[in-house]
Amino acid sequence: TLFRSGTEENPIIVESSQNDGQGIVVMSAKGRSILKHVTFRNLSNPQQGLWQLTGAVTFYESDVDIDSCEFANNRAEDGLNMVRSDFTITSTLFEGSLSDAFDSDFCKGNISDSSFINNGNDGIDVSGSVVKLNNIYITGSGDKGISVGEASYVDGADIVVKSCRLAVASKDCSEVTLQNISVEHCQMGLACYQKKPEFGPGTIAAVKSTLDDTGTAYLVENGSEIIFNGKKVPLYEGDVKGAIYGNQYGTTSKQLSL
């Protein structure tokens, strides 16, 4: 179990100043960890011989409350990775991760009042999890702002996603409900599809929401569904996965108008 509590004026800083430090892992902890006013900076994933993890900071089967922390410029596949854990994340900044900022695998948790800025891949990546999002700001994700997969359930409110390649993706039997999401200046807006053969389609239902200056507003694969402000979005005219992933699945095609 990990207990670290700094203050706003004097946060605890865990960093690698010479770019050679590995990260932190908490495994099968008996108690609930608490992090408050802690900065994790410039860390890589823990590894020893053939054993390695994907997260610069990892909680594996270990519950945690994270409040007013910062995960910055970490050099791992995931800045913060949760696996089979219960978590809360409040008032926390994720910035400059090499790849995904936050990755939740088979977890249950809440993220509120937090920002995800200029991360290399996804801002929030959820698999096999149940997650609530509230008052979230995401900008500059190299791939998806919010990626939801493998039979996950995400309920989000008061979310801004700006300048990302794809704002929100729901795939592989996942369900996403959104209220008051604002998508701005993204190449693609909302996408629903099946990626893995062992799963099925995805759904998104958004109310009181807006899409502004977005290249392709919706990508809906046959069998999947997007309901946006009470209207069912038409299927995408072409290969959804090709549009999202490029040559790995095919070529892009144009969007049918709503």
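It should be noted that the structure appears before, not after, this text.
All values reported here derive from a predicted model rather than from experimental measurement. (Residues numbered from 1 in each chain as written. Predicted model: local features only at pLDDT ≥ 70, side-chain atom pairs only at ≥ 80, totals over all residues. Heavy atoms only, no water.)

### Looking at the overall build of the chain
- Counting its regular elements, the chain contains one helix and 27 strands.
- Taking 2.2 N^0.38 as the reference for a compact globule, 258 residues should give roughly 18 Å; the C-alpha atoms of the chain span a radius of gyration of 18 Å, in line with that estimate.
- In terms of its C-alpha atoms, the chain occupies a principal-axis envelope of roughly 50 × 40 × 35 Å.
- The 258 residues of the chain split such that 49% are buried.
- Restricting the contact set of the chain to residue pairs at least 6 apart, pairs at least 24 apart contribute 40%.
- On the chain, roughly 11,300 Å² of surface is accessible, and the fraction owed to carbon and sulfur atoms is 46%.
- Separation of charge centres in the chain, based on 20 positive and 33 negative side chains, amounts to 3 Å. (Helix = DSSP H or I, 4+ residues; strand = E, 2+ residues; numbered from the N terminus. Rg over C-alpha atoms; globule rule 2.2 N^0.38 Å. Buried < 20%, exposed > 50% of the residue type's maximum accessible area, 1.4 Å probe, protein only. Contact = heavy atoms within 4.5 Å. Areas by Shrake-Rupley, 256 points an atom, 1.4 Å probe, with all protein chains shown as cover. Lys, Arg positive; Asp, Glu negative; His and termini not counted. Charge placed at Lys NZ, Arg CZ, Asp CG, Glu CD.)

### Quick look at the environment of Val207
- Take Val207: it is sitting in strand 23 (residues 203-207).
- Taking the C-alpha atoms as reference points, Val207 and Gln47, 160 residues apart in sequence, are found 44 Å from one another.

### Description of the sheet that holds strand 14 (residues 100-105)
- Strands sit in the order 3-8-11-14-16-18-20-22-25 across an open sheet of nine strands; the sheet is parallel. The sheet is open, and its two borders are formed by strand 3 (24-27) and strand 25 (216-220), each paired with just one other strand. Between one strand axis and the next, the sheet turns by 5° as a mean value, whatever way the strands run.
- Relative to strand 20 (residues 166-171), strand 18 (residues 144-149) runs parallel, the two being bridged by four bridges. Note on strand 20: the bridge partner recorded for Lys144 is Leu166. (Pairing = 2+ DSSP bridges. Axes fitted to C-alpha atoms, helices over the stretch in contact; angles between N-to-C directions.)

### Observations concerning the pattern of salt bridges
- Using the criterion set out here, one finds ten salt bridges in the structure.
- Asp63 serves as the salt-bridge partner of Arg32, at 3.9 Å between the closest nitrogen and oxygen. Separated by 31 residues along the polypeptide, Arg32 in the loop between strand 3 and strand 4 (33-36) and Asp63 in the loop between strand 8 (55-60) and strand 9 (64-67) bring together distant segments of the chain.
- Taking relative accessible area as the criterion, Asp63 reaches 31% and is therefore assigned partly exposed.
- A salt bridge links Lys241 to Glu221; its shortest N-O distance comes to 2.5 Å. Within this pair, whereas Lys241 is found in helix 1 (residues 240-245), its partner Glu221 is found in the loop between strand 25 and strand 26 (225-228), the two being separated by 20 residues in sequence. Each member of the pair Lys241 and Glu221 is classed as buried.
- What you see here is one network of salt bridges that share partners, running through Arg32, Asp63, Asp65 and Asp86. (Salt bridge = Lys/Arg side-chain N within 4 Å of Asp/Glu carboxyl O.)

That's the geometry; what it means functionally is another story.
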